[in-house]
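If you want the building blocks of each chain, they are given just below.
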Amino acid sequence: MEWVAALLFVAVIVLLLAGFPVAFTLGGTALLFAGFGVLGGSFNEALLSGLPNRVFGIMNNETLVAVPLFVFMGVTLERARIAEELLETLSSLFGSLRGGLGISVTLVGMLLAASTGIVGATVVTMGLLSLPTMIKRGYSPEVAAGTICASGTLGQIIPPSIILVMLGDVMTTAYQQAQLEMGVYSPKTVSVGDLFAGALVPGLMLVGLYVLYILGIAFFRPGSMPAHQREAGETVSFLRVLQALLPPLVLIFAVLGSILKGLATPTEAAGVGGMGALLLALSRRQLSFERLSEITQSTLRISSMVFLILIGASVFSLVFRGYGGDDGVRAILEALPGGVIGAVIVVMLVMFLLGFVLDFIEITFVVVPIVGPVLLAMGVDPVWLGIMIAINLQTSFLTPPFGFALFYLRGVAPPSVRTAQIYRGAVPFVGIQLLALLLLALFPELVTWLPGRIYG
Amino acid sequence: MHSETSASLIDRISAVTGKAAAWLTLFMVIVTFVVVVMRYAFDAGLIWLQESVIWMHAVVFMLGAAYTLQQEDHVRVDVFYRSMSARRRALVDLLGVIIFLLPLCAFIGWKSVDFVAASWRLREASRESGGLPYPLIPLLKTVLVLMPVAVALQGFSLLLRSLQTLRRG
């Protein structure tokens, strides 16, 4: 009955395009398929009775408690206008350099990324904050738009992104499953901390490549990226720079450092980070009762959105497995020419294409559990695979004409910036992303070195 | 109009529940912080306190689901939806509620009843010693039935509003 599983997968993708909320479309479609299967005698009804236990498992998942806590921290930092201040300070610091504003945007994207990790939010914030300024200062719309989109997507790969938390959780399960199937009964484990450590070098490498590209443009095509003539009285004091930069930096380093040094679990670090963000907001007089209540509501809505997709996805995978879909996927991947390399390339290509319609959460919860165990059983390193998936999807979100990041920026860009300009600006960054993927494929140590150093 | 009042009544119930549950996120942050301080400063691991964070987390996203639906914050794949007319969108929402949302909620709720009832009957407590006492575990499991009921109600409100949009033409 594997063809039914294939049909289910295609049906879900097509039905999702209608635009009804993902969580319900995923679960609802799978349920319909199961229903017809039970009536026609091709689906074992008993499989579905485990559902409450699975949902309760999601409710009790200790790793994923880090998600709402990190979201709380990110939303608090956002509402306390930390990002605005960072961008203002950095751009007045670097603004008089050619390309300085572009570099500031990239750096803020990196720092914001570390605190929010939700693509849409970062691209929108950065677009609203910096696109008008960049254009006013004579940046070509292409360069400005490309820089903002790319920096906004850094949020997925730079720890502590919530996407890495989710991917880490899914990878843990997939890795255990793969090893059990290989007959390893004392399996090695992979944790969210491993993924954070693995993402650090590639993430910083991407930032470095972006900055190099911007400097290159500034050098070779100075017209598209003029230096800002500083007006009298516009100098920034060292103290102001310190005030804007230090607190968020300390917060991020404390959170990341305590996870990487093994002092705290990601959940604990996220809780401490949330507390730190609250204190930071309080010290800047940005925290009223009203705002605190908005922060909690916003956290609840994002959290509920994420976990309902997880519930929908678990109904989907229950039915997909019930029809033998995972065996089918395994058979296909194992029969591919080129062995492991062929299988990885095909999976990456499929995910890249799926990235045009589905976002990171859905792909993590729906697709990774299907293909992950097969690839891992073929001997792929789990941390490397996780980081490759993350950068691959980030690339997909930047690729015209369907990339999510481009849509988000279009939504907040002034009408004078044409859509074609946004597309053209994104293309060089897509090139950088592909280069990064190639580098990671050729030198997996870029990913595996740091986790190995830290966790042994 | 009759359907208008029932729709807004449902909306209000969802909003009140959601906003109340939202405060738990603040407690999650505070309690996690306290757990960390207790562990590193006083070397004391309080299992029930740790478990209470997970408990709150589950209540937050389960009881917040209906409010999130009302606030239009459940992600849609909006490649096409974005550019549809109001009528078209109403049609998508109407069909989505009938074909996907209501059956899914009915199924999860129905399948969970026995699961929850068993937990109450057994007066279940945490498996860890020093974990959450009775009746917190059965109470948490009860959320498995409450979530689908609340989401189905909110889905019904969405259905009524979609019908209105369609009728207005």
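Residues numbered from 1 in each chain as written. Chains lettered and ligands numbered in written order. Predicted model: local features only at pLDDT ≥ 70, side-chain atom pairs only at ≥ 80, totals over all residues. Heavy atoms only, no water.

### A short note on the overall build of chain B
Scanning chain B from N- to C-terminus turns up five helices and zero strands. In chain B, the succession of α and β elements from N to C terminus is α-α-α-α-α. The globule rule puts the C-alpha radius of gyration for 169 residues at 15 Å, and the 20 Å found for chain B is more than 25% above it. In chain B, of all internal contacts separated by at least 6 residues, the share reaching a separation of at least 24 is 74%. In the structure as shown, chain B presents an accessible area of about 8,400 Å², 67% of it carried by carbon and sulfur atoms. (Helix = DSSP H or I, 4+ residues; strand = E, 2+ residues; numbered from the N terminus. Rg over C-alpha atoms; globule rule 2.2 N^0.38 Å. Contact = heavy atoms within 4.5 Å. Areas by Shrake-Rupley, 256 points an atom, 1.4 Å probe, with all protein chains shown as cover.)

### Concerning the overall build of chain A
For chain A, the helix and strand inventory stands at 20 helices and zero strands. The C-alpha atoms of chain A give a radius of gyration of 23 Å, which matches the 23 Å a tight globule of 456 residues would have. Principal axes of the C-alpha set define a box for chain A whose edges measure 80 × 45 × 45 Å. Residue pairs in contact within chain A that sit at least 24 positions apart in sequence constitute 82% of those at least 6 positions apart. Carbon and sulfur atoms make up 68% of the accessible area of chain A, which totals about 16,900 Å². Within chain A, the 23 negative side-chain charges are centred at a point lying 13 Å from the centre of the 21 positive side-chain charges. (Lys, Arg positive; Asp, Glu negative; His and termini not counted. Charge placed at Lys NZ, Arg CZ, Asp CG, Glu CD.)

### Some details on the packing of aromatic side chains
Counted by the stated rule, this structure contains 20 aromatic pairs over all chains. Joined through ring pairs, the aromatic side chains of A:Phe360, A:Phe397, A:Phe404 and A:Tyr408 make up one cluster. Over the aromatic face of B:Tyr134 sits the side chain of B:Arg123, whose NZ or CZ is 4.2 Å from the ring centroid. For B:Lys141, the ring lying beneath its charged end belongs to B:Phe115, and the centroid distance is 4.6 Å. (Phe/Tyr/Trp six-rings, centres within 6.5 Å; stacked < 30°, edge-to-face > 60°. Lys NZ or Arg CZ within 6 Å of the ring centre and 35° of its normal.)

### Description of the nonpolar core
Residues and elements named next belong to chain A. Core analysis: the biggest nonpolar cluster contains 220 residues, and Met59, Phe70 and Ile387 have the highest contact counts within it. Take this core: its biggest share by element is 16 residues, from helix 13 (residues 289-322). Those residues within four positions of Ile387 in sequence are excluded, and the remaining contacts are Ile157, Leu164, Leu195, Gly198, Ala199, Pro202, Leu440 and Val447. (Core = buried A, V, L, I, M, F, W, Y, C linked by side-chain atoms within 4.5 Å. Buried < 20%, exposed > 50% of the residue type's maximum accessible area, 1.4 Å probe, protein only.)

### Details of the interface of chain B and chain A
In this complex, chain B contributes 59 residues to the contact, which on the side of chain A involves 63 residues. In this assembly, chain B packs against chain A so that about 5,400 Å² is buried in total across both faces, 79% of it on carbon and sulfur atoms. Linking chain B to chain A there are two salt bridges. Between B:Arg39 and A:Glu268 there is a salt bridge, with its nearest N and O atoms 2.7 Å apart. The interface formed by chain B and chain A contains nine residue pairs in polar contact (both at pLDDT 80 or more). If you list the elements that add at least two residues to the side of chain B that touches chain A, you get helix 1 (2-42), helix 2 (47-63), helix 3 (65-70), helix 4 (86-121) and helix 5 (136-168) of chain B. For the side of chain B that touches chain A, the leading source of residues is helix 1 of chain B, giving 15 residues. (Buried area = accessible area lost by both parts, 1.4 Å probe. Salt bridge = Lys/Arg side-chain N within 4 Å of Asp/Glu carboxyl O. Polar contact = N/O pair within 3.5 Å; in protein donor to acceptor, adjacent residues only side chain to side chain.)

### A closer look at the environment of A:Thr173
All names here are of chain A. On the secondary structure map, Thr173 appears in helix 9 (residues 162-181). For Thr173 and Leu245, which are 72 residues apart along the polypeptide, the C-alpha to C-alpha distance reads 38 Å. At 3.2 Å, the side chain of Thr173 and the backbone oxygen of Asp169 are in polar contact.

### As for the pattern of salt bridges
The tally for this structure, following the rule as stated, stands at 13 salt bridges over all chains. Salt-bridge contacts for B:Arg161 lead to B:Asp11; the nearest nitrogen and oxygen are separated by 2.6 Å. Residue B:Arg161 is located in helix 5, and its partner B:Asp11 is located in helix 1; the two are separated by 150 residues in the primary sequence. Taking the relative accessible area as the measure of exposure, B:Asp11 reaches 13% and is therefore buried. The salt bridge involving B:Arg76 is made with B:Asp93; its shortest N-O contact spans 3.0 Å. Of the two residues, B:Arg76 sits in the loop between helix 3 and helix 4 while B:Asp93 sits in helix 4, which places them 17 residues apart along the sequence. The network of salt bridges with shared partners includes A:Glu181, A:Asp327 and A:Arg330.

### Here's the deal with helix 17 (residues 382-398) of chain A
Residue and element names in this part refer to chain A. Along its 17 residues, helix 17 runs 25 Å from first to last C-alpha, staying within 8% of the 24 Å computed at 1.5 Å per residue. Of all 17 residues making up helix 17, 17 are buried, and the element is well covered by its neighbours. Where helix 17 begins, the side chain of Asp381 points an oxygen toward the backbone nitrogen of Val383, at a separation of 3.1 Å. (Expected span 1.5 Å × (residues − 1).)

### Considering the packing of helix 18 (residues 404-412) of chain A against helix 19 (residues 419-442) of chain A
Residue and element names in this part refer to chain A. For the pair helix 18 and helix 19, the least separation of the axes is 10 Å and the interaxial angle reads 140°. As judged from the angle between their axes, helix 18 and helix 19 are oblique. As helix 18 runs across helix 19, the sense of the crossing is right-handed. For the pair formed by helix 18 and helix 19, the contact residues are Leu406, Leu409 and Arg410 on the first element and Thr419, Ile422, Tyr423 and Ala426 on the second. Among the residues making up the contact of helix 18 with helix 19, the classes are represented as five nonpolar, one polar and one charged. (Axes fitted to C-alpha atoms, helices over the stretch in contact; angles between N-to-C directions. Parallel < 35°, antiparallel > 145°, perpendicular 65-115°, else oblique. Left-handed = near helix turned anticlockwise from the far one by under 90°. Nonpolar A, V, L, I, M, F, W, Y, C, P; charged D, E, K, R; others polar.)

### Brief notes about a nonpolar patch on the surface
Taken together, the side chains of A:Leu32, A:Phe36, A:Leu39, B:Leu91, B:Leu95, B:Ile98 and B:Ile99 make up a nonpolar region of the molecular surface, amounting to roughly 680 Å² of accessible area. Those elements that place two or more of their residues in the nonpolar patch are helix 2 (22-40) of chain A together with helix 4 of chain B. Broken down by element, the nonpolar patch gets its largest block of residues, four residues, from helix 4 of chain B. Its location among the elements puts B:Leu91 in helix 4. (Patch = residues over 30% accessible without salt bridge, like charges linked within 9 Å, V, L, I, M, F, W, Y side chains within 5 Å.)

### Observations regarding unusual backbone geometry
For the bond from A:Pro159 to A:Pro160, the omega torsion is 0°, close enough to zero to count as cis. Considering the arrangement of structural elements, one finds A:Pro160 in the loop between helix 8 (141-153) and helix 9. For the peptide bond that leads from B:Tyr134 to B:Pro135, omega is 5°, which places it in the cis range. Inspection of the secondary structure puts B:Pro135 in the loop between helix 4 and helix 5. Here the phi dihedral of B:Glu72 falls at roughly 60°; this positive angle occurs in a residue that is not glycine. If you trace the backbone, B:Glu72 turns up in the loop between helix 3 and helix 4. Notably, B:Arg123 is not glycine yet its phi reads approximately 45°, a positive angle. Tracing the backbone through its elements, the reader meets B:Arg123 in the loop between helix 4 and helix 5. Here B:Arg123 falls in the exposed class, since its relative accessible area comes to 54%.

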